[in-house]
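Examining the three-dimensional arrangement
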Amino acid sequence: MSGFRQAYCPPRMLGRAVATSMVVLHSTIPVGALLGGLLGEVLGLRPAMWVTTALFLPCAALLLIGPIRRRRDLPSAVSQGLS
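Bear in mind that the values here come from a model prediction, so they are computed numbers and not experimental data.

1. Thoughts on the overall build of the protein chain
Of the regular secondary structure elements, the protein chain holds 3 helices and 0 strands. Ordered by position from the N terminus, the helices and strands of the protein chain form the series α-α-α. Per-residue burial over the protein chain gives 7% buried out of 83 residues. Roughly 7200 Å² of accessible area belongs to the protein chain as shown, and the carbon and sulfur atoms make up 72% of that amount.

2. So, helix α3 (residues 45-65)
Compared with an ideal rise of 1.5 Å per residue, which puts 21 residues at 30 Å, α3 spans 31 Å between its outermost C-alpha atoms and is within 8% of the ideal. Counting buried positions over the 21 residues of α3 gives 1, only a small fraction of the element.

Thresholds applied
- Residues numbered from 1 in each chain as written.
- Predicted model: local features only at pLDDT ≥ 70, side-chain atom pairs only at ≥ 80, totals over all residues.
- Heavy atoms only, no water.
- Helix = DSSP H or I, 4+ residues; strand = E, 2+ residues; numbered from the N terminus.
- Buried < 20%, exposed > 50% of the residue type's maximum accessible area, 1.4 Å probe, protein only.
- Areas by Shrake-Rupley, 256 points an atom, 1.4 Å probe, with all protein chains shown as cover.
- Expected span 1.5 Å × (residues − 1).

Set out below in structure tokens:
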């Protein structure tokens, strides 16, 4: 992921992109732990695991049918003046 980020972001924005990515990704860990614990407490462990598994299906479907799958023309280092 960092290689893509380095190729895609302009050099002057790379630090901000990395910091923003880390804040967003690392702040979701405790939120997910709390929601998972709450779901496990309310429904029980096995049903909570099934609910979590069922929530992954729409995420995968969005990636498969969305515009990201057809996106293949990523910027090259030459087009950004990085070479």
